[in-house]
Amino acid sequence: MNVLVVGAHPVAESYSNHLRDRAVAALLSAGHQVRVTDLYAEGFEARLSRAEHRAHHADPSTKAVIAGHADDLRWATALVLVYPTWWSGPPAIMKGWIDRVWVEGVAYTLPQGSARVRANLRHIRRLAVVTTHGSSWWVNALEGQVGRLLALRSLRLLCHPRARRRWLALYGMDRAGDASRSAFAARVERAMAKL
């Protein structure tokens with residue numbers, strides 16, 4: 001498969017980036033083609049500008065600033081998002097990547113006269129999220145699992161109708177010791193090997 005891995009953590013030596021690197025290594029070992037995007041390392045601008053918002057329905061070819069990201073999304077048959085969960089969802093830079101790259105003409109088409117979008121990313125057959133939560137599973141369940149719903153429901157609707165989804169989360173990260181972190185990294189590696 002062609003796997004696009006998108007990571008979002010500002011600290012190069014973070015546990016989140018360690019998980020991204022382990023995921024990439026497992027994917028490459030399994031024989032997949034992999035492209036990696038590190039949103040912080042490239043200085044991705046998360047803010048949707050006024051001009052971009054006004055040109056929301058414009059052809060994506062007029063949006064040079066996202067062209068490389070759009071090409072990667074069109075290339076991918078699998079997508080892996082790796083980020084820490086902050087305030088119930090992905091970091092702002094990841095949400096900004098979704099806002100700015102998953103646009104009309106790339107992720108979906110809105111046919112004239114229709115109120116329903118048509119998915120353009122039907123070639124994406126696997127969608128996985130690797131994340132950490134400072135709080136417990138129970139706290140996240142009470143909060144409504146916002147990040148999980150965004151990725152595995154909203155984004156998935158723009159992918160293949162039978163796209164397989166995978167949510168890999170380490171809950172209680174703030175209290176997790178080395179053994180828990182190592183076990184979770186190994187779990188991520190196994191999951192990516194079977195993607």
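The structure contained in this document is the topic of the report that follows. (Residues numbered from 1 in each chain as written. Predicted model: local features only at pLDDT ≥ 70, side-chain atom pairs only at ≥ 80, totals over all residues. Heavy atoms only, no water.)

A count of helical and extended segments in the protein chain gives 7 helices and 7 strands. Traced from its N-terminal end to its C-terminal end, the protein chain shows the element sequence β-α-β-α-α-β-α-β-β-β-α-α-β-α. Against the 2.2 N^0.38 benchmark of 16 Å for 195 residues, the protein chain shows a C-alpha radius of gyration of 17 Å, consistent with a compact globule. The C-alpha extent of the protein chain, read off along each of the three principal axes, is 55 × 35 × 30 Å. Residue pairs in contact within the protein chain that sit at least 24 positions apart in sequence constitute 78% of those at least 6 positions apart. About 10200 Å² of surface is accessible on the protein chain, with carbon and sulfur atoms providing 52% of the total. (Helix = DSSP H or I, 4+ residues; strand = E, 2+ residues; numbered from the N terminus. Rg over C-alpha atoms; globule rule 2.2 N^0.38 Å. Contact = heavy atoms within 4.5 Å. Areas by Shrake-Rupley, 256 points an atom, 1.4 Å probe, with all protein chains shown as cover.)

Turning to the pairing of strand 2 (residues 33-38), a few remarks are in order. Where strand 1 (residues 2-7) lies against strand 2, 6 bridges are found, and the strand directions are parallel. Among the inter-strand pairings, Asn2 is bridged to a residue of strand 2, identified as Gln33. With helix 1 (residues 15-29) bridging strand 1 and the parallel strand 2, this β-α-β connection has right-handed handedness. (Pairing = 2+ DSSP bridges. Right-handed = clockwise from strand over helix to strand, strands pointing away.)

Let's shift gears to the packing of aromatic side chains. On inspection of all chains with the given rule, the structure shows 2 aromatic pairs. Between Trp97 and Trp102 the ring centres are 6.3 Å apart and the planes differ by 75°, which places this aromatic pair in the edge-to-face class. Taking relative accessible area as the criterion, Trp97 reaches 1% and is therefore assigned buried. An angle of 85° between the planes, with centres 5.0 Å apart, marks the rings of Trp137 and Trp138 as edge-to-face. For Trp138, a relative accessible area of 63% translates into the label exposed. If you follow Arg35 out to its NZ or CZ, it ends over the ring of Trp75, 4.1 Å from the centre. (Phe/Tyr/Trp six-rings, centres within 6.5 Å; stacked < 30°, edge-to-face > 60°. Buried < 20%, exposed > 50% of the residue type's maximum accessible area, 1.4 Å probe, protein only. Lys NZ or Arg CZ within 6 Å of the ring centre and 35° of its normal.)

Between side chains of opposite charge, pairing is possible as soon as their charged atoms come close. Scanning all chains against the criterion turns up 8 salt bridges. Here Asp72 makes a salt bridge to Arg35, at a shortest N to O gap of 2.7 Å. Highlighted residues: Asp72 in helix 3 (residues 67-75) and Arg35 in strand 2, separated in sequence by 37 residues. For Arg35, a relative accessible area of 32% gives the class partly exposed. One salt bridge connects Arg47 with Glu45, and the closest N-O pair in it is separated by 3.4 Å. Salt bridges linked by common partners bring Arg20, Asp21 and Asp38 together as one network. (Salt bridge = Lys/Arg side-chain N within 4 Å of Asp/Glu carboxyl O.)

With that settled, the discussion passes to helix 4 (residues 92-101). Counting buried positions along helix 4 gives 7 out of 10 residues, so the element sits mostly inside the fold. Within helix 4, burial applies to Ile93, Met94, Gly96, Trp97, Ile98, Arg100 and Val101. On the buried face of helix 4, the contacting elements are strand 1, helix 2 (50-54), helix 3, strand 3 (78-84) and helix 6 (146-155).

Leu73, Leu79, Leu81, Trp97 and Trp102 are the most contacted members of the largest nonpolar core, which has 35 residues in total. Those elements that place two or more of their residues in this core are strand 1, helix 3, strand 3, helix 4, strand 6 (126-132), helix 6 and strand 7 (164-170). Ranked by residue count, the leading element in this core is helix 4, at 5 residues. Judged by nonpolar contacts, the second largest core, of 23 residues, contains Val3, Ala23, Val82 and Val130. (Core = buried A, V, L, I, M, F, W, Y, C linked by side-chain atoms within 4.5 Å.)

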